[in-house]
Amino acid sequence: MGRAYYVFENLEKERSRIHDAGCGHCVRAVAVQARQALPGRSHWHGPFPTYDEARQQATGLGLPVEDATCCVGRR
Ligand SMILES: [Zn+2]
């Protein structure tokens, strides 16, 4: 089983962060999105099968891209 990645486009803070699909933050937030309860126009993208694809998608959104410190960036 490969890993998967999500991109959180945060239009409140004007940045995009890459999360691991196994991240608790992702799991909760994607559920929130499913209820259409996210603030503003922020949006989760994914899942992407590879980090590179997630990164490419995030870059295309036009906001600064960071690795989320709760998962991908914590190594
Ligand atoms: Zn995370």
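Residues numbered from 1 in each chain as written. Predicted model: local features only at pLDDT ≥ 70, side-chain atom pairs only at ≥ 80, totals over all residues.

### Focus on the overall build of the protein
Then, in step 1: What the protein contains, in helices and strands, is 2 helices and 4 strands.
Then, in step 2: Written out in order from the N terminus, the α and β elements of the protein read β-β-α-β-α-β.
Then, in step 3: The C-alpha atoms of the protein give a radius of gyration of 11 Å, which matches the 11 Å a tight globule of 75 residues would have.
Then, in step 4: Considering only C-alpha atoms, the protein reaches an extent of 30 × 25 × 20 Å along its principal axes.
Then, in step 5: Classification of the 75 residues of the protein by burial places 21% in the buried group. (Helix = DSSP H or I, 4+ residues; strand = E, 2+ residues; numbered from the N terminus. Rg over C-alpha atoms; globule rule 2.2 N^0.38 Å. Buried ≥ 20, exposed ≤ 12 C-beta atoms within 10 Å, placed from the backbone.)

### What to know about the sheet that holds strand E3 (residues 43-48)
Then, in step 1: Spatially, 4 strands are ordered E3-E1-E2-E4 in an open sheet, and the strand pairing comes out mixed. Each end of this open sheet is capped by a strand with a single partner; those strands are E3 and strand E4 (65-67). Sheet twist, expressed as the mean angle between neighbouring strand axes with direction ignored, is 25 degrees. (Pairing = 2+ DSSP bridges. Axes fitted to C-alpha atoms, helices over the stretch in contact; angles between N-to-C directions.)

### Points about the confidence of the model for the protein
Then, in step 1: A residue-level look at the protein finds 92% of positions with pLDDT of 70 or above and a mean pLDDT of 87.
Then, in step 2: Mean pLDDT values for the elements of the protein range from 80 in helix H1 (residues 24-34) up to 97 in E4. (pLDDT = per-residue confidence, 0-100.)

### Regarding the nonpolar core
Then, in step 1: Residues Tyr5, Tyr6, Val7, Phe8, Ile18, Cys26, Phe48, Ala54, Ala58, Ala68, Cys71 and Val72 constitute the largest nonpolar core, which totals 12 residues.
Then, in step 2: Looking at this core, the elements that each hand over two or more residues are strand E1 (5-10) and helix H2 (51-60).
Then, in step 3: For this core, the leading source of residues is E1, giving 4 residues.
Then, in step 4: Apart from residues lying up to four places away in sequence, Ile18 is in contact with Tyr5, Val7, Ala54, Arg55, Ala58, Val65, Asp67, Ala68 and Val72. (Core = buried A, V, L, I, M, F, W, Y, C linked by C-beta atoms within 7 Å. Contact = placed C-beta atoms within 7 Å.)

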